[in-house]
Amino acid sequence: DTREQTPRELADRLGFGPDLHLLGLRTDIPEVLAAMDVFVLSSRGEGMSNAVLEAMASGKAIVATAVGGTPEMIRSGETGLLVPPGEIHSLVAAIAALLADQSRAAEMGRRARQIAEEKFSLDLMVRRNEALYRDLWRAKVASN
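Note that this is a predicted model, so its numbers are computed, not measured.

About the cut-offs
Residues numbered from 1 in each chain as written. Predicted model: local features only at pLDDT ≥ 70, side-chain atom pairs only at ≥ 80, totals over all residues. Heavy atoms only, no water. Core = buried A, V, L, I, M, F, W, Y, C linked by side-chain atoms within 4.5 Å. Buried < 20%, exposed > 50% of the residue type's maximum accessible area, 1.4 Å probe, protein only. Helix = DSSP H or I, 4+ residues; strand = E, 2+ residues; numbered from the N terminus. Contact = heavy atoms within 4.5 Å. Pairing = 2+ DSSP bridges. Axes fitted to C-alpha atoms, helices over the stretch in contact; angles between N-to-C directions.

1. Quick word on the nonpolar core
Where a protein is soluble and globular, its nonpolar side chains tend to be buried together. Core analysis: the largest hydrophobic core is formed by 14 residues, its most contacted members being Phe39, Val52, Met56 and Ile62. It is helix α3 (residues 50–57) that provides the largest number of residues to this core, a total of 4 residues. Those residues in contact with valine 52 that lie beyond four places of it in its chain are Phe39, Leu41, Ile62, Met73 and Ile74. The next biggest cluster of nonpolar side chains, apart from the first, holds 10 residues, and it includes Val38, Ala61, Val63 and Ala94.

Here you go:
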């Protein structure tokens, strides 16, 4: 069989199928995040992940692959743990480490929320965009 396995088929084959919950489209993300002990993003490629920002804002410790904009958001060892993409054993070890040390995970979550508020809030983004447009306008006016 050369076709790619679905996540459900893979989980069944590896023996943890009954423990895997594929949630599908959700409109209750704050409640889903609140139920998590640790947020995990195992992408092989990523931009500036809104999912990571939402997890940070929810005060969750994060385990993520160090791809795209994720290392700009996550301070490894402080607000979460970063692992190289494709290194499943590193990912599993990082998840296990945070699940085994709930106080460390909680502290990382508190710091993640603080960083989200300080560096990635909507208010801050709006102010930065306004400043950018102001600077571009001034440069255009000065060049005329």
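That was the structure; now back to the text.
2. A short note on the sheet that holds strand β2 (residues 62–65)
The 3 strands lie next to each other as β1-β2-β3, forming an open sheet whose pairing is parallel. Both outer strands of the open sheet, β1 (39–41) and β3 (80–83), are each paired with one neighbouring strand and no more. Sheet twist, expressed as the average angle between the axes of neighbouring strands with direction ignored, equals 10°. Sheet analysis places β1 next to β2, joined by 3 bridges and oriented parallel. Counterpart to leucine 41 in the pairing with β2 is alanine 64. Across the sheet, α3 lies against β1 and β2, angled at about 165° from β1, the strand it touches most.

Everything listed here is a matter of coordinates, which is why it stays silent on function.
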